[in-house]
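Close look at the chain arrangement
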Amino acid sequence: MEISMKINGAEVTHDVEPRTLLVHFVRENAGLRGTHWGCDTSNCGACVLWVDGTPTKSCTMLAASAAGHDITTVEGLEKDGKLDPIQQGFIECHGLQCGFCTPGMLMTGRWILDNNPKPSEEEIREGISGQLCRCTGYKNIVDSIHWAADHPAENEVSA
Amino acid sequence: MTAVQEVPISAGGNPIGFGSMKRVEDQRFVRGQGNYVDDVNLPGMLHSAILRSPWAHARIKSIDTSAALALPGVIAVLTGKDLEGIPRPSLLGDNFAWMPTLSYDTQAVLATDKVRFQGQEVAYVIAESRYIAKDAVELIDVDYEPLEPVMDAKRAMDPGAPVIRDDKGQTDNSITDVHGHKTWESGNAISTAEAIARAEADPNCVVVTQEVMYPRVHPAPMETCGSVAHLDKVTGQLTLYTTSQAPHAHRTVYAMVAGLPEQKIRVIAPDIGGGFGNKVGVYPGYVLSILGTIVTGKPVKWIEDRGENLMSTSFARDYHMTGKIAATKDGKILAVDVDVLADHGAFNGVAQPTNYPAGFFHIFSGSYDYPDAHCKVTPVYTNKAPGGVAYACSFRITEAVYVIERLVDCLAAELGMDPAELRLKNLLKPDQFPYTSPTGWVYDSGQYEKTMRVAMEIAGYDELRREQAEKRARGEYMGIGISFFTEGVGAGPRKDMDILGLGMADGIELRVHPTGKAVLRLSVMSQGQGHETTYAQIVAHELGIPPEDIDVVNGDTDQTPFGLGTYGSRSMPVSGAAAAIVSRKVKERARIVAAAALECSPDDLEWELGRWSVKGDKERGKTIQEIALLSHSSLELPEGVEGHLDATAVYNPPNLTYPYGAYICVVDVDPGTGVVKVRRFIAVDDCGTRVNPMLVDGQVHGGIADGIGMALMELIAFDTDGNNLGGSFMDYLLPTSMECPSFELGETVTPSPHHPIGAKGVGESATVGSPAAVVNAVMDALAPFGVRHADMPLTPSNVWRAIQGNPIRVDMAIE
């Protein structure tokens, strides 16, 4: 079946099997490999991207269900060659090691700040609790999101 | 010896040497531009999937692949019988159905006669897409004759137990190592037994005996294992993109397994999404992708799914330990004896140095000063997945630290002594180093009491004890747990250590281009440790070249020199040393070139960071960048000097390095629900010189999370029918941001005396040291209930049952 969706602002159309998972559509059909696959059971969150601005585990959503919707992936965070503060925060605070969970953490981190520009540690921890990281023990991920909260981009409205 | 001092900052804002520096590799990862194995797509590439056994122990009567083969899009289906028919011109058997393990055992690539664990590889499908390959797997019909499975190690020892390895002509489930040994001992059995007997007879002494199980767990990196194999039939070149922590060792093993000439094999480890030991072994899936490209002539990709990862590739621990600790009643430890039953699964696939079949477990005597220690390890086969050394265990030091640190706490409880005081009384003193342990290890350096006191100070130990007393009086259950660990890492000296005959020295190569920029080529392989950053810092420290002017290459066997890879915290102790040594070779070459340019003797020059200058006339000198260009110029060099600055080195470590640390964990336990909340975790590591302190802290953070996971929730359990009960992330629970506190770190720095920059390695320290701290804290909290020990994982139900006097038996299969 033919499926169309907007990914990072660009219209993407492919003829795929109806059972195609969104994570595979994004990775294999759209060729955006920043979104990772890690567990099959919605536990790990390596596949988190945004569907209409909401963090979603793309390994348990059919591509067909996303047809006509707006998808944002990690590749969509950088604007005009400038990293989003959430990306810069992960660099500044050593919020990643192997980098495999990072795209999902970045998408959720950005979403947390979009909805709560000055989150507490507890709010950040709860916000990322549906995603696993095996390298960092989460401390520096929390710090990275805090860094981004403290350094909003010039075009963002700070709280 | 090198210590972190004032370090100049480069134009790029980075330390020209040691110090916290943002990572080079992050630029691609935060943009989603990492290149992991599943991101590798080659033209014409096929996909594949493995049919796995639903039974733990069964005879294969027949396999019908016709329906799978008939599915449109299926290219080939291979079974064990097919592999038996592919001749292999190799020293390791005449066909492809079996492959060697890293412990000189054999492992089925695809089962031929029997399946021996649930999840074992039975058939292999190659198809046009991943979805079709998975569909075809469902269409393969296998007729099994179920056999009685052997699901616990004690049962495996029974004379009447079913024999698992009848393929080897065995009549029992014992494991024999390459030296012909069925048990592995170290220390002095006689003196230890005598010391314990004396203590038992002495009214001024105590002997505490405790059974301690370190249950089976899995490293579960976020990225599963996988490979993309491509054989170019014209050139005979095999390229294998794969999740490998040890690309060079893997290349040699594939040459042995596949009978391919080694110069025709190129192993490329792209970015790796975490390893933790899971990606040390050579698994049937990798070998099958190689066979897949040989059979089809096209590139073949194999990517493990999460269930396959948890059920088949690698596992860790499964050590049944019984420890005895003897001490005087005023708390002086006299002797420790440990008896271990080691469950190795269906194939002895442990990755460890040949002469250490129980890994480095023999360092179990710990950080304490006492004369007599002995251990005996008895390995057995069971109907579980093979593996054994994984999950950042530093070759079984995790198990060793866990048993000694539990024993010390049990002793403290028996004596009614504070566990911190008991440790302080027995810790080795600085003037005892180098210290030869009762089992023969030579600890290089340490200031144990200092490190312990730093941890106690950060924790506010006395205040915590006061708080605990107040809470106990109110019926609240707070626990404080201590773990003091010593590791021996950086395997290792070639005379003692090899894997499959490959000595554990690491090669390195440093090229300095005419413009003074450099490329360092490593044999070790990052899985997130940040090698591209830290190794550039080592070269910067030695040569004064800014780190942003140094590229670090790892993971491609065609681009890097031979070495045994990254695991067991060995990169910094071995390759880190190699990086310093090769830089010093370049520095000496630069001295000769500078002397020629300055028309003086090399002996008249002195080095300051990044520059050779004439002694007493600092104005006359040449920077390393100027020298690099001169080395490529028409400058006349002394007779016998070749020019250029490039150098290579092979580092053969004279000894292991001995990082250590003091950890303190604070928990609150709800006795009504059994829920454990880790409130604080204090870690003071001494890993010698810290090349990049920010990255060292990151390594420690991750290891503490591992320890919290293993102590509180992670378990690969089996039922008596042989079913793996930890085969998905729904069942195999990993710590999230909610279970981990905000860790509190400290440091002491005692440089290794034999390492060129004094570094000791830190990658696995916290995974090794932290589980005991968490368990000790929970047991401390439960002391008012009379609980002295319960095995990991301390899940709410296990803690609740421990309070009722009936903790869960993780040493047995579940009825």
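What counts, and at which threshold
- Residues numbered from 1 in each chain as written.
- Chains lettered and ligands numbered in written order.
- Predicted model: local features only at pLDDT ≥ 70, side-chain atom pairs only at ≥ 80, totals over all residues.
- Domains from an automatic or database assignment.
- Contact = placed C-beta atoms within 7 Å.
- Helix = DSSP H or I, 4+ residues; strand = E, 2+ residues; numbered from the N terminus.
- Nonpolar A, V, L, I, M, F, W, Y, C, P; charged D, E, K, R; others polar.
- Pairing = 2+ DSSP bridges.
- Axes fitted to C-alpha atoms, helices over the stretch in contact; angles between N-to-C directions.
- Buried ≥ 20, exposed ≤ 12 C-beta atoms within 10 Å, placed from the backbone.
- Expected span 1.5 Å × (residues − 1).
- Left-handed = near helix turned anticlockwise from the far one by under 90°.
- Core = buried A, V, L, I, M, F, W, Y, C linked by C-beta atoms within 7 Å.

**Overview of the domain arrangement of chain B**
Residue and element names in this part refer to chain B. You can read the domains of chain B as domain 1 (26–34 + 505–651), domain 2 (38–147 + 224–272 + 279–311) and domain 3 (319–491 + 655–803). Here domain 2 and domain 3 have C-alpha centroids that lie 37 Å from each other. Between domain 2 and domain 3, the contact holds 19 residues from the first and 22 residues from the second. Secondary structure elements with two or more residues in the side of domain 2 that touches domain 3: β5 (106–108) and α9 (306–311). Looking at the side of domain 2 that touches domain 3 element by element, the count peaks at 4 residues for α9. Looking at the side of domain 2 that touches domain 3 residue by residue, the class counts come to 7 nonpolar, 9 polar and 3 charged.

**Quick look at the sheet that holds strand β26 (residues 605–608) of chain B**
Pairing between sheet strands relies on hydrogen bonds along the backbone, with the strands arranged either parallel or antiparallel. All names here are of chain B. An order of β26-β27-β28 is seen for the 3 strands of this open sheet, with the pairing classed as antiparallel. Looking at the sheet topology across the chains shown, the edges are occupied by β26 and β28 (617–623). Averaged over all pairs of adjacent strands, the angle between their axes in this sheet comes to 35°, without regard to strand direction. Note that β26 and strand β27 (residues 611–614) share 4 bridges and pair antiparallel. Note on β27: the bridge partner recorded for Trp607 is Trp612. Each of β27 and β28 is contacted by helix α16 (residues 624–631), which is oriented at about 55° to β28, the strand it contacts most.

**Details of α16 of chain B**
Residue and element names in this part refer to chain B. Burial analysis of α16 places 6 of its 8 residues in the buried class, which makes it a mostly covered element. Three or more residues of α16 are buried, namely Ile624, Gln625, Ile627, Ala628, Leu630 and Ser631. The secondary structure elements touched by the buried residues of α16 are β23 (506–512), α14 (531–543), α15 (571–598), β27 and β28.

**Quick word on the sheet that holds strand β25 (residues 550–553) of chain B**
Residues and elements named next belong to chain B. Taking strand neighbours across the sheet as the criterion, the 4 strands line up as β25-β24-β23-β29 in an open arrangement whose pairing is mixed. Each end of this open sheet is capped by a strand with a single partner; those strands are β25 and β29 (647–651). Taken pair by pair, the neighbouring strands of this sheet meet at an average axis angle of 15°, ignoring direction. As paired strands, β23 and strand β24 (residues 518–522) are joined by 5 bridges and run antiparallel to one another. Residue Val512 lies in a different strand from β24, and its bridge partner there is Ala518. Each of β23, β24 and β29 is contacted by α15, which is oriented at about 145° to β29, the strand it contacts most.

**Describing helix α5 (residues 139–150) of chain A**
Helix length check: α5 of chain A, at 12 residues, gives a terminal C-alpha distance of 17 Å against a target of 16 Å (1.5 Å per residue), a fit within 8%. What α5 of chain A keeps buried is the set Lys139, Asn140, Ile141, Val142, Asp143, Ser144, Ile145, Ala148 and Ala149 of chain A. The inward-facing, buried residues of α5 of chain A abut α2 (85–92), α3 (102–115) and α4 (121–127) of chain A together with α17 (693–712) of chain B.

**Observations concerning the packing of α14 of chain B against α15 of chain B**
All names here are of chain B. Two elements in contact, α14 and α15, have axes separated by 9 Å at closest approach and are oriented at 35°. The element α14 and its partner α15 pack so that their crossing is right-handed. Contacts between α14 and α15 involve His531, Tyr535, Ile538, Val539, Glu542 and Leu543 from the former and Ser571, Gly576, Ala579, Ala580, Ser583, Arg584, Val586 and Lys587 from the latter. For the contact of α14 with α15, the per-class residue count stands at 7 nonpolar, 4 polar and 3 charged.

**Some words on the interface of chain A and chain B**
Opposite the 41 residues of chain A that make contact, chain B presents 43 residues. Counting residues per element, the ones that place at least two in the side of chain A that touches chain B are α2, α3, α4 and α5 of chain A. The greatest single-element share of the side of chain A that touches chain B, amounting to 4 residues, is contributed by α2 of chain A.

**Focus: the domain arrangement of chain A**
Residues and elements named next belong to chain A. Partitioning chain A into domains gives domain 1 (2–76) and domain 2 (85–150). One C-alpha centre belongs to domain 1, the other to domain 2, and the line joining them spans 21 Å. Of the residues lining the interface, 13 residues belong to domain 1; the matching set on domain 2 comes to 11 residues. Here the side of domain 1 that touches domain 2 takes 3 residues from strand β3 (residues 48–51), the largest share from any one element. Considering only residue class, the side of domain 1 that touches domain 2 consists of 8 nonpolar, 5 polar and no charged.

**Quick notes on unusual backbone geometry**
Residues and elements named next belong to chain B. Omega for the bond connecting Ala491 with Gly492 falls within 30 degrees of zero, at -25°, which places this linkage in the cis form. The topology assignment puts Gly492 in the loop between β20 (477–486) and β21 (498–499). Here the residue pair Met792 and Pro793 is connected by a cis peptide bond, since its omega of -5° sits within 30 degrees of zero. If you trace the backbone, Pro793 turns up in the loop between α18 (765–782) and α19 (796–803).

**Some details on the nonpolar core**
Within the largest apolar cluster, 313 residues are counted, with the highest numbers of intra-cluster contacts made by Val125, Val539 and Val778 of chain B. Ignoring any residue separated from it by four or fewer positions in sequence, one finds Val778 of chain B in contact with Gly479, Val667, Val669, Val676, Leu794 and Val799 of chain B.

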